[in-house]
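A structural walkthrough
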Amino acid sequence: MSTINFINEAFKHCKAIAATSEGVELLSMANLEGVKLSQDGVRSEMGVVTSAQASDLKSIANDFISAIAQHRYWMRFQKEMVPA
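Chains are numbered independently. Their residues run from 1 in the order of the written sequence. The predicted nature of this model means local features are confined to residues of pLDDT at least 70 and side-chain atom pairs, given and counted, to a pLDDT of 80 or more, with totals for whole chains, interfaces and linings taken over all residues. Heavy atoms throughout the structure, all of them, feed into the side-chain values; hydrogens and water do not.

1. Overview of the side chain of Thr50
The criterion, for reference: For the purposes of this entry, the term helix denotes a DSSP run of H or I that reaches at least four residues, the term strand denotes a run of E that reaches at least two, and both are numbered from the N terminus. Remark: exposure states derive from per-residue accessible area (1.4 Å probe, protein chains only) relative to the maximum for the residue type, with buried under 20%, exposed over 50%, and partly exposed in between. Pairing of N or O atoms within 3.5 Å defines a polar contact, subject to two protein rules: one partner must be a possible hydrogen donor and the other a possible acceptor, and residues neighboring in sequence count only if both atoms are side-chain atoms. Should any heavy atoms of two residues lie within 4.5 Å, those residues are counted as being in contact.
With respect to the helices, strands and loops of the structure, Thr50 is situated in strand 3 (residues 48–51). Here Thr50 falls in the buried class, since its relative accessible area comes to 0%. In terms of polar contacts, Thr50 uses its side chain to reach the backbone amide nitrogen of Ser38, at 2.8 Å. Discounting residues that sit within four places of it in the chain, Thr50 has contacts with Ala19, Val24, Leu27, Leu37, Ser38, Gly41, Val42, Arg43 and Ile60.

Structure representation (structure tokens):
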């Protein structure tokens, strides 16, 4: 299973996802439908938490913990949104 496939499976199963710096570039290659990724600062959208800066680690960690607490993001459940 490729990394992109793994990301798409997590997205498909409505799980929270987080990435910083180069990880944001990887998420952009996964083409997560309807999700805008961070270009600067921390961004959280549909359970996908991103920060273009690795220095935002404490803030992204707090947002990711909140995202995990939601368990799943059912608004992503529409199968046509998921390329996996």
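2. Things to note about the nonpolar core
Short version of the rule: As used here, the term nonpolar core means buried Ala, Val, Leu, Ile, Met, Phe, Trp, Tyr and Cys residues forming a set that is joined through side-chain atoms within 4.5 Å.
Core analysis: the biggest nonpolar cluster contains twelve residues, these being Ile7, Ala10, Phe11, Ile17, Ala19, Val24, Leu27, Ala30, Leu32, Val35, Leu37 and Val48. Looking at this core, the elements that each hand over two or more residues are helix 1 (3–12), strand 1 (17–20) and helix 2 (22–29). If you look at the next biggest cluster of nonpolar residues, it comprises five residues, including Ala16, Ile60, Ala67 and Tyr73.

3. Considering the pattern of salt bridges
For clarity, the cut-off: Whenever a carboxyl oxygen of Asp or Glu lies within 4 Å of a side-chain nitrogen of Lys or Arg, that contact is scored as a salt bridge.
One pass over the full model with this rule turns up one salt bridge. One salt bridge connects Arg43 with Glu45, and the closest N-O pair in it is separated by 2.9 Å. Given the relative accessible area of 33%, Arg43 is considered partly exposed. With a relative accessible area of 19%, Glu45 lands in the buried category.

4. Structural notes on the pairing of strand 3
So the rule is basically this: Two strands pair if DSSP finds at least two bridges between them.
A two-sided burial pattern is seen for strand 3, the buried positions comprising Val48 and Thr50 on one face and Val49 and Ser51 on the other. Relative to strand 3, strand 1 runs parallel, the two being bridged by four bridges. Paired with Ala18 across the two strands is Val49, which belongs to strand 3. Across four bridges, strand 2 (residues 42–45) lies against strand 3 in antiparallel orientation. Each bridged residue has a counterpart across the sheet, and for Arg43 the counterpart in strand 3 is Thr50.

5. Things to note about the sheet that holds strand 3
Sheet strands pair via backbone hydrogen bonds, and the direction of the pair is either parallel or antiparallel. Short version of the rule: With axes taken as lines fitted to C-alpha atoms, and helix axes fitted only over the stretch in contact, angles between N-to-C directions fall between 0 and 180 degrees.
As summarised here, the arrangement of the three strands in space is 1-3-2, forming an open sheet in which the pairing is mixed. Single-partner strands in this sheet number two, and they are strand 1 and strand 2. Neighbouring strand axes in the sheet, compared pairwise and without regard to direction, differ in orientation by 10 degrees on average. Docked against the sheet, helix 3 (residues 57–69) engages strand 1, strand 2 and strand 3, running at close to 175 degrees with respect to strand 3.

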